[in-house]
Amino acid sequence: MNASRTARERVRAELIREITEIARRQLATEGAAGLSLRAVAKEMGMVSSAVYRYFPNKDELLTTLIIDGYNAVGAAVEKAEAACPPEDYAGRWLAACRAVRNWALAHPHEYALVYGSPVPGYQAPQRTIEPAARSAVVFGKIIGDAYRAERTADPAAPLVPVPPSFAPDAARLRDAIMEGVPDHVAATAVIAWSGLFGLVSFELFGQFENVVTDRAAFFDHAAACLGRLTGVPA
C-alpha cells in the first residue's frame, strides 16, 4: 500500500513538473495572460480534463509558477549572501543584489511574471506571501546586522524626515526582518529595495538602451549606492 502510494506520488510530482515546465515555455511565447491549460494539455498529449486534475484552473497554475519564481530568486539570494563572511556587510549586500540581477537575466519571463505588470483578473492568494518575502528577509538581515554593528551613518540625522504615517509600516518591518532599526533606516530599506528591482526591470525591459552601455558595472555601482543609502558600508 505504501509502495503503491509512493509510486503514485512520484508520477504525480513528475506530471506537475512537466506541466509547469511547459507553462514556463508558454510564458516566453504567449505571456502570462495567454497561458492556457488546454494548450499545455495538447503539448503533453493529454486531454484537458487530465491536466485539470492537477490544476483545476489557470489561476492555480499561475500561482504555482509565481511561488516557484519567488522561491527560485529567494534561494539564489540566500545562497549568494551566505557565501560571504558575516561581517562583510558590503560584500553580502552586493552579492545579494547581483543574485537578483543574474536570476532575472537568466529567467526573464519568470521575472516578468512575479515582478512585472499584474496579470489581468488574477488575484494572488495568501500562500504567495511567504515565498515573496524570502529575498527581502536576506536584505533586511544585512541592513539590520550593519545597523546593530554601528556601521551605519548617524541614525539620529536622516537626510529627509520620514513621514509620521510610515511609523506603522516601519514597526511591521522591524517585527519581520529588521529588528531594532529606527524608522528612517526602515524607510531607506524600502527605497533601496524598490530601487534594486527598478534597476533590474529597466535593464530587462530595455529602458537602458542608448543610456547605459556597461550595465554590469553600472549595476554594481548603483547597488553600492543603494546599500550606502540604508547604511550598509561601501
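All values reported here derive from a predicted model rather than from experimental measurement.

### Focus: the overall build of the protein
Inference 1: On a plain count of helices and strands, the protein comes out with 10 helices and zero strands.
Inference 2: Listing the helices and strands of the protein from first to last along the sequence gives α-α-α-α-α-α-α-α-α-α.
Inference 3: Seen through its C-alpha atoms, the protein measures out along the principal axes to roughly 65 × 50 × 35 Å.
Inference 4: Looking at the protein as a whole, 39% of its 234 residues qualify as buried.
Inference 5: Here the analysis covers contacts within the protein between residues at least 6 apart in sequence; of these, 70% occur between residues at least 24 apart.
Inference 6: Of the roughly 12,800 Å² that the protein leaves accessible, carbon and sulfur atoms contribute 56%.

### Regarding the packing of helix α7 (residues 129-148) against helix α9 (residues 183-204)
Inference 1: Packing of α7 against α9 brings their axes to within 11 Å, and their N-to-C directions diverge by 135 degrees. The angle between α7 and α9 falls in the class oblique. Handedness of the α7/α9 crossing: right-handed. Within the contact between the two elements, α7 uses S135, A136, F139, I143 and Y147 and α9 uses V185, A189, W193 and L196.
Inference 2: Residues that form the contact of α7 with α9 fall into these classes: eight nonpolar, one polar and no charged.

### Quick notes on empty space enclosed by the protein
Inference 1: Applying the stated rule across the entire model yields one cavity of 30 Å³ or more.
Inference 2: As a volume, the largest cavity reaches approximately 30 Å³.
Inference 3: For the largest cavity, the full set of lining residues is L199, E203, F208, R215, F218 and F219.
Inference 4: Every element with two or more residues in the lining of the largest cavity is listed here: α9 and α10 (215-230).
Inference 5: Sorting elements by how many residues they give to the lining of the largest cavity places α10 first, with three residues.
Inference 6: Split by residue class, the lining of the largest cavity holds four nonpolar, no polar and two charged.

### Let's talk about the environment of F218
Inference 1: Note on placement: F218 falls in helix α10.
Inference 2: For F218, a relative accessible area of 34% gives the class partly exposed.
Inference 3: Along the primary structure F218 and A187 are separated by 31 residues, whereas in three dimensions their C-alpha atoms are 24 Å apart.
Inference 4: With residues up to four places along the chain from it excluded, the contact list for F218 reads L199, F208 and V212.

### Considerations on the side chain of T188
Inference 1: Its location among the elements puts T188 in helix α9.
Inference 2: Judged by its relative accessible area of 14%, T188 is buried.
Inference 3: Those residues in contact with T188 that sit more than four places away from it in its chain are L229 and T230.

### Thoughts on helix α5 (residues 89-106)
Inference 1: Between its terminal C-alpha atoms α5 stretches 26 Å, which fits the 26 Å expected from 18 residues at 1.5 Å a residue.
Inference 2: What α5 keeps buried is the set Y89, G91, R92, W93, A95, A96, C97, A99, V100, R101, W103 and A104.
Inference 3: Elements in contact with the buried residues of α5: α4 (58-82), α6 (108-115), α7, α9 and α10.

### A short note on the packing of aromatic side chains
Inference 1: Within this structure, the stated rule accounts for 10 aromatic pairs.
Inference 2: Note on Y111 and F197: the rings are 6.5 Å apart at their centroids and 10 degrees apart in plane angle, and the pair reads as stacked. Within this pair, whereas Y111 is found in helix α6, its partner F197 is found in helix α9, the two being separated by 86 residues in sequence. Accessibility assignment for this pair places Y111 and F197 in one class, buried.
Inference 3: On the basis of an interplanar angle of 35 degrees and a centroid distance of 4.4 Å, the ring pair of Y115 and F197 is categorised as tilted. Within this pair, whereas Y115 is found in helix α6, its partner F197 is found in helix α9, the two being separated by 82 residues in sequence.

Reading guide: rules and limits
- Residues numbered from 1 in each chain as written.
- Predicted model: local features only at pLDDT ≥ 70, side-chain atom pairs only at ≥ 80, totals over all residues.
- Heavy atoms only, no water.
- Helix = DSSP H or I, 4+ residues; strand = E, 2+ residues; numbered from the N terminus.
- Buried < 20%, exposed > 50% of the residue type's maximum accessible area, 1.4 Å probe, protein only.
- Contact = heavy atoms within 4.5 Å.
- Areas by Shrake-Rupley, 256 points an atom, 1.4 Å probe, with all protein chains shown as cover.
- Axes fitted to C-alpha atoms, helices over the stretch in contact; angles between N-to-C directions.
- Parallel < 35°, antiparallel > 145°, perpendicular 65-115°, else oblique.
- Left-handed = near helix turned anticlockwise from the far one by under 90°.
- Nonpolar A, V, L, I, M, F, W, Y, C, P; charged D, E, K, R; others polar.
- 1 Å grid on protein atoms, 1.4 Å probe; cavity = no way out; pocket = protein on both sides within 12 Å on 5 of 7 lines; lining within 4 Å.
- Points joined across faces, edges and corners; volume = space filled by probe spheres on them.
- Expected span 1.5 Å × (residues − 1).
- Phe/Tyr/Trp six-rings, centres within 6.5 Å; stacked < 30°, edge-to-face > 60°.

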